[in-house]
Each structure stands twice: as structure tokens, then as C-alpha cells.
Amino acid sequence: MTYLHNIGSYFLMIREMFRKPTKWSVMRQLILNDINDLIIGSLGIIAFISFFVGGVISIQTALNIENPLIPKHLVGFATRQSVILEFAPTFISVIMAGKVGSFITSSIGTMRVTEQIDALEVMGINSLNYLVFPKTIALLFYPFAITFGMFLGILGGMAACTFGGYSTLTDYITGIQTDFETFHVYYAFIKTFVFAFVLATIPSFHGYYMKGGALEVGKASTTSFVWTAVVIILLNYILTDVMLG
Amino acid sequence: MIEVKDLNKSFGEAHILKGITTTFEKGKTNLIIGQSGSGKTVFLKCLLGLFDYEEGSIAYDGNIFSKLTEDEKRNMRAKIGMVFQGSALFDSMTIEENVMFPLRMFTKQSKSEMQDRADFVLKRVNLPNAHNKMPSEASGGMQKRVAIARAIVNNPKYLFCDEPNSGLDPKTAIVIDNLIQEITDEYKITTVINSHDMNSVMEIGEKIVFLKDGLKAWEGSNKNIFKTDNEVVTDFVYSSNLFKRVRKMYIKENS
């Protein structure tokens, strides 16, 4: 019953988020601040993880190719497919559920605990539009971060392969160009847009509707991470089945 | 003026406010007092429109709040200034930005006009040099004064204060009380203060509503609270020996 109530409240929150918009001059500043906090501020961790996980994927693929009939350029091909189809859109989104999601839940939750949200409401401001809408718009730029992650993942694979002696640079480049399907990139970006919406709204929901004090802000951040990750994984399965199945 | 008629509010089985009827007059400091759990905060949140209620009505200068559309309610709230118990300053903004916030949201003033107005109200609350500080760098008393400045910057018609003295030393508490009263007189606004602070009751309570278990147990002014024989009120207000002695002296002086 609680789950159904929460799902209903979540969709009502999304509807309310679009009502009584905040003045554009204020909203523009909020969006720019959120792009800085949520997207630009995440590029470092995305770059670090993408580069090294890309490297690990290529090393593991190379080490598992023992059959001499399998061409060496498969390493580049497998790295590209893994990074574009799964690692960049899904794996990074789960990590972002921890980084960006916790930030959103704790910042909105702290505003709830310290009555800042009540202050907005008393002033006649639609607090959901003021707080959640700019985060949702800011996360529309999330695909750029994922593109950056894709590029660095493939680059990391290339560095690991060539410097580690698992494959030649020519083989790797041949691999990443083999059987390239543009639709796979579309599929990855559609997933990324859906995950961006989830990343903005589920943590906001947990922060906005939390009750209690500082301890509950911490608990809400943990719950928010768990649910955001669960929803991302489930939607990943559904979208993959619908689009590639 | 705010008129409250037969206000009833429940949370599930718990009946919190039981038929409260009262009037908060324009240009006066109106206090809601009572023990913890008597329903003061719920009453204040009903007045602010943050809680819905089952029965009764609240009218702001004749406009019944529950009959307004959502947009009309939001427009009405733009005429309300509120000082929260914990100040509720936006911690990502400087003190000046906090004070300018209602102007940015509800007016078309230029930045320099907003800064001039913020300067004026910050001087009015005796904080002429605090513009660029963050709320976390300000003391409790300063935060309360910034909250008052933010509440009055857009010339509100109604000012609500939830325990404005909590957590302050007695001297700063008196400064805040006097400031609220001066602002109420100066701008002729309807001020409603939720308080347990007996100094505030004695000093600035031009109209006092005493709540007990969700019922209005007494109402009057700081002058006739000394004379009342209502046991519920005297038990609460004169619970300390100091106030018992103050009351005796007052009665002796005025007899």
C-alpha cells in the first residue's frame, strides 16, 4: 500500500512541477547553477571511471581470446559495444545515482528540515517548480556527459591494449570501426535521457517528502540511491527488450 | 485583519484544533501562546495555508482563504511575511540575496532598486554591514533579524512569526520583540506571533490568544493578563516564581 501511495505521490509531484512556473530570469540562473553542480561537477569522476573501466574491458576481452581463429580486432569491437551499449549509459547512471542523486536528496531534504521549503511556499512560490524543474532541465545535458564517458572509455581501452601489449593500435582501431550500427548510439542516448529524468526526479521526491531531522536526511539519501538504482536497472531491461529485443 | 471562525483541524484520530474563533487586528502585535502540544504551530500553519482544515474559515481582510483558487492563494501568500523559528534563510545565498529574494520573485525592479530596498531594510533591522555574509556566518540573533528583513522587504500586509525568540539570549530577544512591534506600528500590518516567551507576552502582547489542548482557553491583552483569574492561564503564565512576584507587584501598584 505504501509503495502504491509513493508511486502516486511521485507522479503528482511531476505534474505539480510544471505548474505555476518561476520567473524566467530566476529560473535561468537556477538551471545554470544546477548544470554546474550536477553535470560539470560530475565530469571528473565520469572521466576517471570511464577511462579505467574501458581499459579493464579491453584487457579482459583480450585475455579471454585464446582461439587463434578469433581476430584480434575483436578486442576493439567488444570494448566499443560494451562501452556504448551498457557501460556508459547504465553503469555511469548507477554511479550518478550515488553522486548526483545523494546530492539532490540531501540538499532538498536539508531545505525541508530547516523549513526553507515552507518559506518558499509561504511566499507563494511553487517550491516543486523552483527546486525540481531546474534539476530536470539541467540533467537534459546529461547525454553530453555520457558521450564524454563513451569517448574516454574507448580511449582507455585503446591505451590499455596498446601500452599493455594485448593488441596493436591498428587492430584496435579496426575493431572499433567494425560493424558499427548508428541505432546502437540512438538506443544509448534514448536510455540516457530516460535515466536523466529518473536521476532528477526520484532523488528530488525522496528529499522533498522526507520527514524528520538530520538523521532522516541521511536515510533519505540512502533510500533514494537504492530506488534510483533499482528503477534504472529495471528501465534498462525494459528499454533493451523493447528496442533491441 | 484576520478573522478565524470555528476552526477545526485533525490528524487522523487526533483532534488538534477544536473550534477556534478569534480575530487578529490590523496594526497590532497578536500573540498565540500555550503549552507545547496545545496546537499553536498547527494553528499558525493553518493561518498560513500550509495545512488544510476540516471545518471553519480564515478570512484575510474579508477574503476567505479556503475559497480562493490556487493562484489566488499564491497571490495572497505574496502579501505575507513569515519569520520561521529557525529563520529558514536560504543557505546557498548571501544575506543580501536572501533579503532581495521576494523582490526578485514578485517585482520587476532593477537590480539597483532591489539593492537599495535591501539596504534600507537591513539598516532598519540594524544590520548595515552584513550584506555579503552567508547565513552560516551570522549569529542566531543576526539570522532572526535577516529573517525579519526578508519578511518585510516586499511591504507585506501580514507578518507571522513562529517563536522569534527561541534560542536567543534575553537581551537579543528583547531587541527582536521591540523590532517586531516597531515594524508592526510603522507599516500598520497585522502581526501574529507564536510564542512561549513570557517576556514577549508582557512586553508586546497587544492581543493574546491562549490555547489549551486545541481550545481557545482565554483571550485578552498584556494589560488584563495580570488581572485574569482564569486558572488555566495563571497556571501557565505565572508558573515561575519570578512572574508570580511580578504579578503581585503589578496588582499592588494598580490597586
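All values reported here derive from a predicted model rather than from experimental measurement.

1. Considering the overall build of chain A
Then step 1. If you tally the helices and strands in chain A, you get eleven helices and zero strands.
Then step 2. Counted from the first residue to the last, chain A has its helices and strands arranged as α-α-α-α-α-α-α-α-α-α-α.
Then step 3. C-alpha extents for chain A along the principal axes are approximately 70 × 40 × 35 Å.
Then step 4. Considering only residue pairs separated by 6 or more positions, chain A has 86% of its internal contacts joining residues 24 or more positions apart.
Then step 5. Approximately 11,600 Å² of chain A is accessible, and the part contributed by carbon and sulfur atoms is 71%.
Then step 6. Distance between charge centres in chain A, computed from 13 positive and 13 negative side chains, equals 9 Å.

2. Quick notes on the overall build of chain B
Then step 1. If you tally the helices and strands in chain B, you get nine helices and ten strands.
Then step 2. In terms of C-alpha radius of gyration, chain B reaches 19 Å, essentially the compact-globule figure of 18 Å for 255 residues.
Then step 3. Judged by the C-alpha coordinates and their principal axes, chain B covers about 55 × 45 × 30 Å.
Then step 4. Taken over 255 residues, chain B has a buried fraction of 53%.
Then step 5. For chain B, the accessible area works out to roughly 11,600 Å², and carbon and sulfur atoms hold 47% of it.
Then step 6. Within chain B, the 34 negative side-chain charges are centred at a point lying 2 Å from the centre of the 35 positive side-chain charges.

3. Focus on the packing of helix H4 (residues 74-113) of chain A against helix H9 (residues 169-177) of chain A
Residues and elements named next belong to chain A.
Then step 1. For the pair H4 and H9, interaxial distance at closest approach is 6 Å and the crossing angle is 45°. Of the possible angle classes, the one that applies to H4 and H9 is oblique. Relative to H9, H4 is oriented so that their crossing is right-handed. Packed against H4, whose contacting residues are Val-75, Gly-76, Phe-77, Thr-79 and Arg-80, the element H9 presents Tyr-172, Gly-175, Ile-176 and Gln-177 at the interface.
Then step 2. Of the residues belonging to the contact of H4 with H9, the class tally is four nonpolar, four polar and one charged.

4. Things to note about the interface of chain B and chain A
Then step 1. Contact with chain B, which involves 26 residues of that partner, is made by 20 residues of chain A.
Then step 2. In total, chain B and chain A occlude about 2,000 Å² of area from one another, counting both sides; carbon and sulfur atoms represent 60% of this.
Then step 3. Inspection of the chain B/chain A interface yields one salt bridge.
Then step 4. As a salt-bridge pair, Lys-45 of chain B and Asp-118 of chain A come within 3.6 Å of each other at their nearest N and O atoms.
Then step 5. For the pair chain B and chain A, the interface holds three residue pairs in polar contact (both at pLDDT 80 or more).
Then step 6. Among the residues making up the side of chain B that touches chain A, the classes are represented as 15 nonpolar, three polar and eight charged.

5. Observations regarding the packing of H4 of chain A against helix H8 (residues 142-164) of chain A
Residue and element names in this part refer to chain A.
Then step 1. Between H4 and H8, the shortest axis-to-axis distance is 9 Å and the interhelical angle comes to 135°. The orientation of H4 relative to H8 falls into the category oblique. Handedness of the crossing formed by H4 with H8: right-handed. Of the residues in H8, those touching H4 at Val-75, Thr-79, Arg-80, Val-83, Ile-84, Ala-88, Pro-89, Ile-92, Ser-93 and Met-96 are Tyr-142, Ile-146, Gly-149, Met-150, Gly-153, Ile-154, Gly-157 and Cys-161.

6. Quick notes on the sheet that holds strand S10 (residues 215-220) of chain B
Residues and elements named next belong to chain B.
Then step 1. With mixed pairing, six strands are arranged side by side in an open sheet as S6-S7-S8-S3-S9-S10. A strand with exactly one partner marks an edge of an open sheet, and here the two such strands are strand S6 (80-83) and S10. Going from strand to strand, the sheet's axes swing by 20° on average, the running direction of each strand aside.
Then step 2. The pairing of strand S7 (residues 158-162) with strand S8 (residues 190-194) spans five bridges and is classified as parallel. Residue pairing across strands places Asp-162 opposite Asn-194, the latter belonging to S8.
Then step 3. This element, helix H5 (residues 140-152), spans S6 and S7 of the sheet and lies at about 175° to S6.

7. Digging into the pairing of strand S9 (residues 207-212) of chain B
Residue and element names in this part refer to chain B.
Then step 1. Counting buried positions along S9 yields five of six residues, so the element is predominantly enclosed.
Then step 2. Bridging between strand S3 (residues 29-34) and S9 involves five bridges; their strand directions are parallel. By the bridge assignment for S9, Ile-32 is matched with Val-209.
Then step 3. Looking at chain direction, S9 and S10 are connected through five bridges and run antiparallel. Bridging across to S10, Leu-211 finds its partner in Lys-216.
Then step 4. Linking S9 to S10, which pair antiparallel, is a turn of two residues; within it Asp-213 sits at a positive phi near 50°.

8. Considering unusual backbone geometry
Residue and element names in this part refer to chain B.
Then step 1. Positioned with a positive phi, Ser-87 is a non-glycine residue whose angle comes to about 75°.
Then step 2. Along the chain, Ser-87 turns up in the loop between S6 and helix H3 (95-106).
Then step 3. Positioned with a positive phi, Glu-163 is a non-glycine residue whose angle comes to about 45°.
Then step 4. Relative to the helices and strands, Glu-163 resides in the loop between S7 and helix H6 (170-187).
Then step 5. Judged by relative accessible area, which is 11%, Glu-163 ranks as buried.

9. Quick word on the confidence of the model for chain A
Then step 1. Taken over all residues, the pLDDT of chain A has a mean of 93, while the share at 70 or more is 100%.
Then step 2. For chain A, per-element mean pLDDT is lowest for helix H5 (residues 116-122) of chain A, which scores 91, and highest for helix H7 (residues 133-138) of chain A, which scores 96.

10. Describing the environment of Thr-170 of chain A
Then step 1. Examined against the element boundaries, Thr-170 of chain A turns out to sit in helix H9.
Then step 2. Sequence spacing of Thr-170 of chain A and Val-56 of chain A is 114 residues, and the spatial spacing of their C-alpha atoms is 19 Å.

Calculation criteria
Residues numbered from 1 in each chain as written. Chains lettered and ligands numbered in written order. Predicted model: local features only at pLDDT ≥ 70, side-chain atom pairs only at ≥ 80, totals over all residues. Heavy atoms only, no water. Helix = DSSP H or I, 4+ residues; strand = E, 2+ residues; numbered from the N terminus. Contact = heavy atoms within 4.5 Å. Areas by Shrake-Rupley, 256 points an atom, 1.4 Å probe, with all protein chains shown as cover. Lys, Arg positive; Asp, Glu negative; His and termini not counted. Charge placed at Lys NZ, Arg CZ, Asp CG, Glu CD. Rg over C-alpha atoms; globule rule 2.2 N^0.38 Å. Buried < 20%, exposed > 50% of the residue type's maximum accessible area, 1.4 Å probe, protein only. Axes fitted to C-alpha atoms, helices over the stretch in contact; angles between N-to-C directions. Parallel < 35°, antiparallel > 145°, perpendicular 65-115°, else oblique. Left-handed = near helix turned anticlockwise from the far one by under 90°. Nonpolar A, V, L, I, M, F, W, Y, C, P; charged D, E, K, R; others polar. Buried area = accessible area lost by both parts, 1.4 Å probe. Salt bridge = Lys/Arg side-chain N within 4 Å of Asp/Glu carboxyl O. Polar contact = N/O pair within 3.5 Å; in protein donor to acceptor, adjacent residues only side chain to side chain. Pairing = 2+ DSSP bridges. pLDDT = per-residue confidence, 0-100.

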